[in-house]
Each structure stands twice: as structure tokens, then as C-alpha cells.
Amino acid sequence: RHYELKEGDRILDIGCGKGYLLYEFSQVVPGIVISGIDISEYAIQHAKEEVQPFLKVSNAAHLPFSDSSHDFVYSITTLHNLQNYELFESLKEIQRVCPSGRAHITIESYRNEKEKANLLYWQLTCETFYTPEEWKWFFSIAGYTGDYGCIYFD
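Predicted model, so just to flag it, every value in this text is computed and none were measured.

Conventions used here
Residues numbered from 1 in each chain as written. Predicted model: local features only at pLDDT ≥ 70, side-chain atom pairs only at ≥ 80, totals over all residues. Heavy atoms only, no water. Helix = DSSP H or I, 4+ residues; strand = E, 2+ residues; numbered from the N terminus. Buried < 20%, exposed > 50% of the residue type's maximum accessible area, 1.4 Å probe, protein only. Contact = heavy atoms within 4.5 Å. Areas by Shrake-Rupley, 256 points an atom, 1.4 Å probe, with all protein chains shown as cover. Lys, Arg positive; Asp, Glu negative; His and termini not counted. Charge placed at Lys NZ, Arg CZ, Asp CG, Glu CD. Axes fitted to C-alpha atoms, helices over the stretch in contact; angles between N-to-C directions. Parallel < 35°, antiparallel > 145°, perpendicular 65-115°, else oblique. Left-handed = near helix turned anticlockwise from the far one by under 90°. Nonpolar A, V, L, I, M, F, W, Y, C, P; charged D, E, K, R; others polar. 1 Å grid on protein atoms, 1.4 Å probe; cavity = no way out; pocket = protein on both sides within 12 Å on 5 of 7 lines; lining within 4 Å. Points joined across faces, edges and corners; volume = space filled by probe spheres on them. Arc of directions from axis to C-beta. Pairing = 2+ DSSP bridges. Right-handed = clockwise from strand over helix to strand, strands pointing away.

Engineer: Is there a simple way to explain the overall build of the chain in this structure?
Structural biologist: From N to C terminus, the chain includes 5 helices and 6 strands. Its helices and strands in sequence order give the chain the pattern β-α-β-α-β-β-α-β-α-α-β, from N to C terminus. Here the C-alpha coordinates of the chain stretch approximately 45 × 30 × 30 Å along the principal axes. The buried share of the chain, reckoned over its 154 residues, is 47%. For the chain, contacts bridging at least 24 residues in sequence account for 67% of all contacts bridging at least 6. Accessible surface, the chain as shown: approximately 8,300 Å² in total, 52% of it carbon and sulfur. Charged side chains of the chain number 13 positive and 22 negative; the gap between the two group centres comes to 3 Å.

Laid out in C-alpha cells, this is it:
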């Protein structure tokens, strides 16, 4: 409801894995046009059957879609896996394919040293993590205008 998604809207999941959330979107919003990318060939090959034709192996820093091709883009706990130069390109790519700013990113963050330590213990592939203020600055310089939410490990 928040993003007012409706039939015919085109949504993109960056870091879709096996496509389970895209499947849920297709059930909740009939007629929605879905697409997803993930760097894992295994995930795409073993994706949920109903959504597999709409998924591609790709990198968030080089989205295989044309300008303004999506009405809503989201990425949940994926972008932290990128180096900061890839993160910068990924944010620019999200804005390119969804210039309306109807986007949501969920990111790992920390507000104090305890949360930072917990994040470091939790992460296996995390390359980029910042405080909320640093994330906001990074979004600003990349031109990202969508929403975001932080996950903390307290």
C-alpha cells in the first residue's frame, strides 16, 4: 500500500535469491510485472518455478535494464556485499532504472561500537557497512532518492 503498487507496475528485486519475495508480490498484486537479479547462478537455476523465467544472473552495479524501466525497485540486505565503488554504481543504477524514487533498500548498519562488533561477528560477506549518517551521505552523493531502512545487531 505504501508504494501504491498496482496491476501493470514493473518491480525489480536486486539480490532476489530464489525469487520467493517476488512470488509473494505476484500473489498480492495480481498483474504486477516482476523481474529479479542475483549474482548466484545456483539461486537463479533453483528459483521458484513460477518466477524463474523473470530472473537473471547479474550484478547490481550493472543492471541489465533500460532507463526508467521499473516502477518500484527494492533490495533487501544485499548491497552490503559490494565494495564501496560497486555500491556507488549500484545506487546510481537503481536511480537510473527507477527515476521516480519509488525504491526501498534494507541495509545493515550500526549506531555504536557494540552494534558494530555484533555486525562484524554476524557478517560473512559484508564488504560495506556504515552508520546511518554515513549511509545517508553515501545515498546523497550517489543521487539515490528512494527509501531505506537499517538493520541493527544489538
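Engineer: Quick question: what am I supposed to make of the packing of helix H3 (residues 84-97) against helix H5 (residues 132-142) here?
Structural biologist: When two helices pack together, their arrangement is given by the angle between the helix axes and the distance between those axes. It is the contact of H3 with H5, at a shortest axis distance of 9 Å, that shows an interaxial angle of 60°. One element, H3, and the other, H5, form an angle in the oblique class. Once H3 is placed against H5, the crossing between them reads as right-handed. Listed contacts from H5 to Asn84, Leu87, Phe88, Leu91 and Lys92 of H3 are Trp135, Phe138, Phe139, Ile141 and Ala142. Among the residues forming the contact of H3 with H5, the class breakdown is 8 nonpolar, 1 polar and 1 charged.

Engineer: Sorry if this is basic, but what is going on with the layout of surface pockets here?
Structural biologist: Take a probe with the size of a water molecule and roll it over the atoms, and the empty space left behind shows itself. As a volume, the largest pocket reaches approximately 240 Å³. Contributing to the lining of the largest pocket are 13 residues, with Gly15, Asp38, Ile39, Thr78 and Asn81 lying nearest its centre.

Engineer: Can you help me understand helix H1 (residues 20-28) in this one?
Structural biologist: Burial in H1 covers these residues: Leu22, Tyr23 and Phe25. In an axial view of H1, the angular spread of the buried residues amounts to 160°, which keeps them on one side of the axis. Its buried side turned inward, H1 meets strand E1 (10-14), strand E2 (33-38), strand E3 (55-57) and strand E4 (72-76).

Engineer: Please explain the pairing of E1 as it appears in this structure.
Structural biologist: Successive residues of a regular strand alternate their side chains across the two faces of the sheet. Counting buried positions along E1 yields 4 of 5 residues, so the element is predominantly enclosed. The pairing of E1 with E2 spans 5 bridges and is classified as parallel. Bridge pairing in E2 places aspartate 13 opposite glycine 36. In this region the chain leaves E1, passes through H1 and returns to the parallel neighbour E2; the handedness of that crossover is right-handed.

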